[in-house]
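Close look at the chain arrangement
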Amino acid sequence: MKKIIAFLAVTLTLFFARMLFLGYGYYYGDYKIQHYPWAATLDQCLKHLSLPLWVSGIGCGFPLLAEGQVGALDPLNVVAHFLLPPDRAYSAVFVSAFFLCGLFIYFLSRKSGLSELAGVVSCGSFLFGSAYAGLVYGPAALRCFVWLPAGLYFAQELAGGTASRRTLPGLSLCVGASFLSGYPQAAFYHLIATLLFIGLYLFFERKTLPRKTGIWVVVAIVAGVGLAGAQIFPTLELTRFSNRLHQGVDFALSKSFNPLGISALFWPGFGRFTAYDFYIGILPLFFLGISILSWKQDVRVRVWLVFSLFFILAGFGNFNPVYDAAI
């Protein structure tokens with residue numbers, strides 16, 4: 001535990017040095033004209049013990065909480081903006097999201113049977129690969145991704161037969177916090193990922209989940225979604241007024257992942273041509289290649305390979321004939 005805390009303290013201090021010591025922050029592009037003003041509005045509301053149900057500073061008025069991306073009910077946001085000045089709270093959410101996500105990745109790695117050092121390497125690979133460190137989708141996605149490794153941690157306990165009294169409440173809280181983050185699409189994918197993860201482990205280990213446990217898993221997920229109801233229902237109501245409501249499937253698949261984008265894993269500069277840059281570094285790719293060699297002997301490798309392949313193929317969208325036909 002000391003190793004991961006020291007690793008996160010050093011690396012995050014270096015990564016966020018300009019933010020922590022020089023007053024820099026994410027105040028450009030959409031962050032400047034959208035995310036920070038929203039965060040400042042949320043800060044003002046929370047300090048007056050209210051919520052931004054309707055704010056007058058946007059157009060003729062706007063239901064900011066229902067829009068969701070501000071994360072008005074997100075635990076990280078609420079604590080930071082209630083305790084700190086708006087600019088510091090805005091920056092603190094970025095740092096705390098990295099810290100918590102790194103910690104959860106480490107715990108998940110250790111739960112999967114990896115050593116302390118391997119857990120630290122896994123943490124660094126995930127946090128500082130371009131998919132997370134690049135902040136591609138903004139603060140809402142960053143807050144949401146925190147809860148993916150945490151949910152998989154509890155899924156690992158369920159599938160591995162090491163569930164305890166904390167497992168189901170923990171899974172429920174992860175589901176709820178994920179939907180409160182302000183990025184409902186990713187939260188839904190998290191839910192699919194958690195169930196798929198459990199199913200793959202049971203399949204490859206030739207086990208079955210006890211019926212009673214399965215029922216409690218469903219209850220935990222429903223309870224988690226219920227915890228986020230104060231965010232989910234206003235957002236669903238607002239979608240009725242969206243100009244995207246009647247867009248066709250072509251619009252939904254317009255951001256499909258071009259298979260050529262995989263080349264960015266090995267040649268980061270190629271991401272400029274495919275508009276996808278998720279280079280994770282040479283070391284993680286090396287470890288990936290080594291692990292694949294043991295896929296016949298190690299259930300964990302088979303689970304993660306199929307797990308990853310599922311989401312890669314789903315991400316192809318209209319480049320995947322099977323996915324396109326299913327839609």
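A quick note: this is a predicted structure, and the numbers were derived from the prediction, not measured.

A tally of regular secondary structure across the chain gives 19 helices and 0 strands. Counting over 327 residues, the chain shows a buried share of 40%. Partitioning the contacts of the chain with sequence separation of at least 6, the portion at a separation of at least 24 is 67%. Taking the 22 positively charged and 13 negatively charged side chains of the chain as two groups, their mean positions are separated by 9 Å.

The next thing to look at is helix 9 (residues 138-145). Judged by how many residues are buried, helix 9 sits mostly within the fold: 7 of 8 residues are covered. All of the buried residues in helix 9 are Gly-138, Pro-139, Ala-140, Ala-141, Leu-142, Arg-143 and Cys-144.

Here we take up empty space enclosed by the protein. Applying the stated criterion to the full structure yields 3 cavities of 30 Å³ or more. Estimated volume of the largest cavity: approximately 100 Å³. Of all the elements in the fold, those that place two or more residues in the lining of the largest cavity are helix 3 (29-47), helix 5 (75-83), helix 6 (86-111) and helix 9. Taken together, the residues that form the lining of the largest cavity break down as 8 nonpolar, 4 polar and 1 charged. The space that makes up the second largest cavity amounts to roughly 80 Å³. Lining the second largest cavity are Trp-147, Leu-148, Gly-151, Leu-171, Cys-174, Val-175, Ser-178, Phe-179, Ala-187, His-190, Leu-191 and Thr-194. Counting only elements with at least two residues in the lining of the second largest cavity, the list comes to helix 10 (147-160), helix 11 (167-180) and helix 12 (184-204).

Turning our eyes to something else, we now look at the confidence of the model for the chain. With 96% of its residues at a pLDDT of at least 70, the chain reaches an overall mean of 88. Put simply, helix 16 (residues 271-274) is where the chain has its lowest mean pLDDT, 69, and helix 11 is where it has its highest, 95.

Approximately 170 Å³ is the volume found for the second largest pocket. Lining the second largest pocket are Phe-15, Phe-16, Arg-18, Met-19, Tyr-24, Gly-25, Tyr-26 and Tyr-28.

With that settled, the discussion passes to the packing of aromatic side chains. The relative placement of two aromatic rings is captured by the distance of their centres and the angle of their planes. For the coordinates displayed, the defined rule picks out 27 aromatic pairs. Measuring from centroid to centroid gives 6.5 Å for Phe-188 and Tyr-189, while their planes differ by 55 degrees, and the two rings are tilted. Seen from the ring of Tyr-24, Arg-18 lies directly overhead, with NZ or CZ sitting 4.1 Å from the centre.

Describing two packed helices takes the angle between their axes plus the distance from one axis to the other. The geometry of helix 10 relative to helix 12 is characterised by a closest axis approach of 9 Å and an angle of 30 degrees between their N-to-C directions. Classified by the angle their axes make, helix 10 and helix 12 are roughly parallel. Crossing angle aside, the handedness with which helix 10 passes helix 12 is right-handed. Touching Trp-147, Leu-148, Gly-151, Leu-152, Ala-155, Gln-156, Leu-158 and Ala-159 of helix 10 are His-190, Ala-193, Thr-194, Phe-197, Ile-198, Tyr-201 and Leu-202, all from helix 12. When its residues are assigned to classes, the contact of helix 10 with helix 12 shows 11 nonpolar, 4 polar and no charged.

Let us now look at the nonpolar core. Counting 57 residues, the largest nonpolar core has Phe-16, Phe-94 and Tyr-132 as its most contacted members. With 11 residues, helix 6 is the largest single contributor of residues to this core. Not counting residues up to four positions away in its chain, the partners in contact with Tyr-132 are Ala-97, Phe-98, Cys-101, Phe-126, Leu-127, Leu-142, Phe-145 and Val-146. If you look at the next biggest cluster of nonpolar residues, it comprises 8 residues, including Trp-38, Leu-64, Leu-65 and Val-70.

With that settled, the discussion passes to the environment of Gly-317. One can find Gly-317 in the loop between helix 18 (299-315) and helix 19 (321-326). Along the primary structure Gly-317 and Ser-254 are separated by 63 residues, whereas in three dimensions their C-alpha atoms are 8.5 Å apart.

Turning our attention to the environment of Gly-269. Along the chain, Gly-269 falls in the loop between helix 15 (249-252) and helix 16. Between the alpha carbons of Gly-269 and Tyr-279 there is a distance of 9.1 Å; along the sequence they are 10 residues apart.

Okay, the environment of Ile-192 next. Here Ile-192 shows up in helix 12. Residue classification places Ile-192 among the partly exposed positions, given a relative accessible area of 31%. When the C-alpha atoms of Ile-192 and Trp-216 are compared, they prove to be 17 Å apart, with 24 residues separating the residues in sequence. When near neighbours in sequence (up to four residues on either side) are disregarded, Ile-192 contacts Phe-310 and Phe-311.

Relative to the helices and strands, Asp-298 resides in the loop between helix 17 (282-292) and helix 18. A distance of 2.7 Å separates the side chain of Asp-298 from the side chain of Arg-300, its partner in a polar contact.

Within the structure shown, the criterion is met by 6 salt bridges. With a shortest N-O distance of 2.5 Å, Arg-166 and Glu-157 are connected by a salt bridge. Taken together, the shared-partner salt bridges in this structure form one network comprising Lys-111, Glu-157 and Arg-166.

Criteria and thresholds
Residues numbered from 1 in each chain as written. Predicted model: local features only at pLDDT ≥ 70, side-chain atom pairs only at ≥ 80, totals over all residues. Heavy atoms only, no water. Helix = DSSP H or I, 4+ residues; strand = E, 2+ residues; numbered from the N terminus. Buried < 20%, exposed > 50% of the residue type's maximum accessible area, 1.4 Å probe, protein only. Contact = heavy atoms within 4.5 Å. Lys, Arg positive; Asp, Glu negative; His and termini not counted. Charge placed at Lys NZ, Arg CZ, Asp CG, Glu CD. 1 Å grid on protein atoms, 1.4 Å probe; cavity = no way out; pocket = protein on both sides within 12 Å on 5 of 7 lines; lining within 4 Å. Points joined across faces, edges and corners; volume = space filled by probe spheres on them. Nonpolar A, V, L, I, M, F, W, Y, C, P; charged D, E, K, R; others polar. pLDDT = per-residue confidence, 0-100. Phe/Tyr/Trp six-rings, centres within 6.5 Å; stacked < 30°, edge-to-face > 60°. Lys NZ or Arg CZ within 6 Å of the ring centre and 35° of its normal. Axes fitted to C-alpha atoms, helices over the stretch in contact; angles between N-to-C directions. Parallel < 35°, antiparallel > 145°, perpendicular 65-115°, else oblique. Left-handed = near helix turned anticlockwise from the far one by under 90°. Core = buried A, V, L, I, M, F, W, Y, C linked by side-chain atoms within 4.5 Å. Polar contact = N/O pair within 3.5 Å; in protein donor to acceptor, adjacent residues only side chain to side chain. Salt bridge = Lys/Arg side-chain N within 4 Å of Asp/Glu carboxyl O.

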